[in-house]
Amino acid sequence: MIELRSDTFTLPTSQMMEAIQQAVLGDDVYGEDPTVKQLEEEAARMLGKEAAILMPSGTMANLTSIMAHCPRGSKVIVGNETDIYIYEAAGATVCGGIMYEQIPTLPDGRLAIEDLESAFPLDPSDPQFALPALICLENPHNRMGGRVLPLSYLVEVQRFAATRGVPVHMDGARLFNAAVALQVAPSEIAQYADSVQFCLSKGLSAPIGSIVAGTHTFIQSVYRLRKMLGGGMRQAGIIAAAGLVALQQMVDRLADDHANAKRLAQGLAGIEGIVMNLEEVETNIVFFRIEHPNYTWETFVEAVQAQGLQVAELGHGRIRAVTHSGIGSEDIDLALDIIRKVLSS
Ligand SMILES: *Cc1c(COP(=O)(O)O)cnc(C)c1O
């Protein structure tokens, strides 16, 4: 089976399994797991932040970050196509008493500065209004096709946020894909946000885990919230050991995933019945539509699955294909053969 539904299907590498087996462990709720400490220090260093903390998931990383930044009764500004707004079960509202202010997401994943502006009440002293306490960006933007936010845009948002006195949180689930695409260090991107989360469990191919990075005081708040939400983990070094291998060995190879995504996109663009925009493909995510007399997206997904290819719908009837460490260029060619065969029938 060629698995293109998500880069979360990546299995731990043999080096990860070895590192897990040899990891020095302790109880991380006592702060005594040296492997977790090592991963947190390495992640903070790579992101250019004071401190970092290991989380069980990106969802908990975002939730604790939002709750650490936002008091109860305040608002968090999010794009209407973001993971935080769509896929995280309204955690900030449920757990933090925080209101989501959703604003439009531009096709390239940006939030327009004018739209950010309009989320702030003209008179903040008017007690009728909930006040925004945080701006969230997603980078790369999953549902906008893995688009990477330009550094010049991050500067603009940082400046705007400073004028309003609110911090910026970056949901960088695939932050390292953005860094590889822009050919910059991840810290060059992270410097424009007060806090950043990234997933070890996606393209970096670790089995479990996310990281939140920020200032020491911010990470202290996240640490408390992680415990409150049940995310304090005992011998978490078995997760951190794989995470360390991910950071050491799995970053540079993301360029191969990007090349394979382009290869797939170029092939798809030449197939009758498929609509896709090549320019949108900047990282490891490819979105396309089916416009075919015999197929809808539902029947297309079923038909290619029967031939050994897994893809999935991801919003607005679009089909998403994600490349990752389990996919080689020969798999891409096979996938294209399957799609050609299906659509010609
Ligand atoms: C996957 C993802 C998350 C959530 O991570 P989980 O580990 O699945 O909870 C958050 N944001 C984005 C953009 C993602 O792609």
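Residues numbered from 1 in each chain as written. Predicted model: local features only at pLDDT ≥ 70, side-chain atom pairs only at ≥ 80, totals over all residues. Heavy atoms only, no water.

Concerning the packing of aromatic side chains
Consideration 1: Under the criterion given, the structure shown has four aromatic pairs.
Consideration 2: Ring plane angle 75° and centroid distance 4.9 Å describe the contact between Phe176 and Phe198, whose orientation is recorded as edge-to-face. Of this pair, Phe176 sits in helix α8 (residues 175–182) while Phe198 is found in strand β7 (residues 195–199), placing the two residues 22 residues apart along the sequence.
Consideration 3: On the basis of relative accessible area, Phe176 is assigned to the buried category, the value being 2%.
Consideration 4: Centroid distance Phe288 to Phe300: 6.0 Å. Interplanar angle 90°. Geometry classified as edge-to-face. Of this pair, Phe288 sits in strand β10 (residues 285–290) while Phe300 sits in helix α13 (residues 297–306); the two residues are twelve residues apart in sequence, bridging distant segments of the chain. (Phe/Tyr/Trp six-rings, centres within 6.5 Å; stacked < 30°, edge-to-face > 60°. Helix = DSSP H or I, 4+ residues; strand = E, 2+ residues; numbered from the N terminus. Buried < 20%, exposed > 50% of the residue type's maximum accessible area, 1.4 Å probe, protein only.)

Brief notes about a nonpolar patch on the surface
Consideration 1: Nonpolar side chains collect at one region of the surface, where Tyr85, Ile86 and Tyr87 lie side by side and expose about 250 Å² of accessible area between them.
Consideration 2: Secondary-structure assignment places Ile86 in helix α4 (residues 83–86).
Consideration 3: Residue Ile86 is classed as partly exposed on the basis of its relative accessible area, which comes to 33%. (Patch = residues over 30% accessible without salt bridge, like charges linked within 9 Å, V, L, I, M, F, W, Y side chains within 5 Å. Areas by Shrake-Rupley, 256 points an atom, 1.4 Å probe, with all protein chains shown as cover. Salt bridge = Lys/Arg side-chain N within 4 Å of Asp/Glu carboxyl O.)

Describing the domain arrangement of the protein chain
Consideration 1: According to the domain assignment, the protein chain contains domain 1 (11–249) and domain 2 (254–344).
Consideration 2: Here domain 1 and domain 2 have C-alpha centroids that lie 29 Å from each other.
Consideration 3: Opposite the 17 residues of domain 1 that make contact, domain 2 presents 15 residues.
Consideration 4: Where domain 1 abuts domain 2, roughly 1500 Å² becomes buried across the two surfaces, and 49% of that area is made up of carbon and sulfur atoms. (Domains from an automatic or database assignment. Contact = heavy atoms within 4.5 Å. Buried area = accessible area lost by both parts, 1.4 Å probe.)

As for the site of the ligand
Consideration 1: The environment of the ligand is formed by 13 residues, the closest being Gly58, Thr59, Asp171, Arg174 and Lys202.
Consideration 2: In the environment of the ligand, an oxygen atom lies 2.8 Å from a nitrogen or oxygen atom belonging to the backbone of Gly58.
Consideration 3: Arg174 places a polar side-chain atom, nitrogen or oxygen, 3.0 Å from an oxygen atom of the ligand.
Consideration 4: Considered on its own, the ligand offers 380 Å² of accessible surface; in the complex 83% of this is hidden by protein.
Consideration 5: Contributions of two or more residues to the shell around the ligand are made by α3 (58–69) and β7.
Consideration 6: In terms of residue count, α3 provides more of the shell around the ligand than any other element does, three residues in total.
Consideration 7: Of the residues assigned to the shell around the ligand, the class counts are two nonpolar, five polar and six charged. (Near = heavy atom within 4 Å. Polar contact = N/O pair within 3.5 Å; in protein donor to acceptor, adjacent residues only side chain to side chain. Nonpolar A, V, L, I, M, F, W, Y, C, P; charged D, E, K, R; others polar.)

Some points on helix α2 (residues 34–47)
Consideration 1: Helix length check: α2, at 14 residues, gives a terminal C-alpha distance of 20 Å against a target of 20 Å (1.5 Å per residue), a fit within 8%.
Consideration 2: Within α2 the residues assigned to the buried category are Thr35, Val36, Leu39, Glu40, Ala43, Ala44, Met46 and Leu47. End-on, the buried residues of α2 take up no more than an arc of 170°, which puts them together on one face. Opposite the buried face of α2, at more than 90 degrees from it, the exposed residues are Glu41 and Arg45.
Consideration 3: Where α2 starts, the residue carrying a side-chain oxygen 3.0 Å from the main-chain nitrogen of Thr35 turns out to be Asp33.
Consideration 4: In the segment just after α2, Gly48 is the residue with positive phi, at about 65°. (Expected span 1.5 Å × (residues − 1). Arc of directions from axis to C-beta.)

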